[in-house]
Amino acid sequence: MIQMVPGTVTLSTLEDIYRNLTPAKLDASAREPVEAAAQLVADAAAGEDAVYGINTGFGKLASTKIAPKDTATLQRNLILSHCCGVGEPLPEDKTRLMMTLKLLSMGRGASGVRWLVIEQIEQMLERGVVPVIPSQGSVGASGDLAPLAHMAAAMIGAGEAMFDGARMPSAEALKRAGLAPIVLGPKEGLGLINGTQFSTACALAGLFDAWRMAEASMTIASLSTDAIMGSTAPLIADIHALRGHAGQIDVAREMRGIMDGSEIRESHREDDTRVQDPYCIRCQPQVVGAALDVLRMAAKTLEIEANAVTDNPLVLVNEGRIVSGGNFHAEYVGFAADQIALAVAEIGAIAQRRVALMVDPTLSHDLPPFLTPDPGLNSGFMIAEVTTAALMSENKHLANPCVTDSTPTSANQEDHVSMAAHGALRLGRMNANLSVILGVEMLCAAQGVEARAPLKTSARLQDVLAMLRKDIPALAEDRYLAPDIEEASAMVRAGRVADAAGVKVTA
């Protein structure tokens, strides 16, 4: 169980929650400010003055006053009416991360919810009650309304949830877990559905996976460089120091270390007729280094957002006021998601060119055509390369910016929106595509390095080859390749490739 102090949680903690499904709860120090804000809301609900979302309708209906006796019904109706999500359910890891982010936001003591609302989410996380969250329906402003409404519905015993691996009505899931539905008080429904937690969770997942892809690409690019007997001169530290970008310096340093001691490299250091390698070999530090720095910028934004209060209205306890604002607008998340998408697309673009280089006998420095020992009778990696081209192209299309695509909603009350939700959601598909591109590159590079025998690659890359060959044999003759590609891409996604090479770059 992770204890979280709202406003201070780091990306490494959030990645632990995402990858390991670690339950989290708020530190007890958060309770006093939470309850102080809830009392201010309770007082407002009992008063005569109209306060948005507490004793009024919502959005365009904000001018409609609600009687105190109807405030509980108001909040329940809000949740049920906003459960309009469609599409495939969000995976459990992202759903649990979203729930954790909602805890962090409400734990800052500006949302006006009672502590029991926080305890309900904590208990659901601990006992494995995971709301079924349709993945489509948010435009990323006025909060991720539909996805968060589905989460809130599970808390009150409506909608559906997963429990013990089975999908069922949430009331049944709560019962099996030893929990009961809660009844929402004033503003609590609004506090649950206003916010950027769906978009932010998906963007964080995209960031964590993209970073893992970047680390794998450094390892696999090193293997590819040895496969085509490429030069390591472009990795010399002075080159990158003269430019000064941190990401570029980091990638070059890692690749120098990975390739250190390669017999293949030493064999052609002298008398190589080639003057320069293609850019996909020579410029890996410049391209993936730039992607690293873009990911770092996105990471800073998302760490702030993960600790932010993003619902509306906000309860300012120190001033004794409840005020409407616009913190629910996910523009920051939308920009961060678009940055991550660009980085993912570019890591894949340069990797795909290395695949094309290795299968082409006119460019691969004497490797067999399509990396098969018996070309003609066998096609080798010919169509695996085509698959990488298809996925590279798909990622280019998906990388087009989402944050600029606003459209007015809710009778023009919400007349500019961020589209952060689908901007962040598409990162899962893009990272999956990238893992295949890198997986195929690894298969090709391994085949190429083994074709250089008896010369050996570096010790660290031999460890990568040993890891790969434990599960996927070399391609001696054509076989059904789809399982090999899936297995190789799974190694990339799981972080096994970078781990085998000992690569770890700090964010």
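Moving on: the packing of helix α1 (residues 11–20) against helix α4 (residues 92–106). Running from amino to carboxyl end, α1 crosses α4 at an angle of 140°, the nearest separation of the two axes being 8 Å. The two elements α1 and α4 cross, and the hand of that crossing is right-handed. Along its contact with α1, which presents L14, I17 and Y18, the element α4 presents D93, K94, L97, T100, L101 and L104. Grouping the constituent residues of the contact of α1 with α4 by class yields six nonpolar, one polar and two charged.

This part is about the packing of aromatic side chains. Going through the model one piece at a time under the given rule, you end up with one aromatic pair. Aromatic pair Y18 and F208: ring centres 5.9 Å apart, planes at 35°, arrangement tilted. Taken together, the residues Y18 in helix α1 and F208 in helix α9 (residues 197–227) connect sequence positions 190 residues apart. By relative accessible area, Y18 is classed as buried at 5%.

Counting 146 residues, the largest nonpolar core has L14 and L204 as its most contacted members. It is α9 that provides the largest number of residues to this core, a total of 18 residues. In this structure, L204 is in contact with L11, L14, L97, L101, L302 and A306, ignoring residues within four places of it in sequence. In terms of nonpolar packing, the next biggest core, distinct from the first, is built from eight residues, V41, V51, I54 and I322 among them.

Inspection of the secondary structure assignment puts M124 in helix α5 (residues 115–127). Given the relative accessible area of 0%, M124 is considered buried. It is 9.6 Å that separates the C-alpha atoms of M124 and A154, two residues lying 30 residues apart in sequence.

What follows covers α9. Here α9 is 31 residues long and its end C-alpha atoms lie 44 Å apart, about the 45 Å a rise of 1.5 Å per residue gives. Taken across its 31 residues, α9 has 30 buried, putting it largely inside the fold.

Looking at the secondary structure, you find K187 in the loop between α7 (170–176) and α8 (188–193). Looking at K187, the relative accessible area reads 0%, which means it is buried. In terms of polar contacts, K187 uses its side chain to reach the side chain of D311, at 2.9 Å. Ignoring sequence-local partners within four residues, the contact set of K187 consists of V41, G53, I54, Q75, S111, D311, N312, P313 and V315.

About the thresholds
- Residues numbered from 1 in each chain as written.
- Predicted model: local features only at pLDDT ≥ 70, side-chain atom pairs only at ≥ 80, totals over all residues.
- Heavy atoms only, no water.
- Axes fitted to C-alpha atoms, helices over the stretch in contact; angles between N-to-C directions.
- Helix = DSSP H or I, 4+ residues; strand = E, 2+ residues; numbered from the N terminus.
- Left-handed = near helix turned anticlockwise from the far one by under 90°.
- Contact = heavy atoms within 4.5 Å.
- Nonpolar A, V, L, I, M, F, W, Y, C, P; charged D, E, K, R; others polar.
- Phe/Tyr/Trp six-rings, centres within 6.5 Å; stacked < 30°, edge-to-face > 60°.
- Buried < 20%, exposed > 50% of the residue type's maximum accessible area, 1.4 Å probe, protein only.
- Core = buried A, V, L, I, M, F, W, Y, C linked by side-chain atoms within 4.5 Å.
- Expected span 1.5 Å × (residues − 1).
- Polar contact = N/O pair within 3.5 Å; in protein donor to acceptor, adjacent residues only side chain to side chain.

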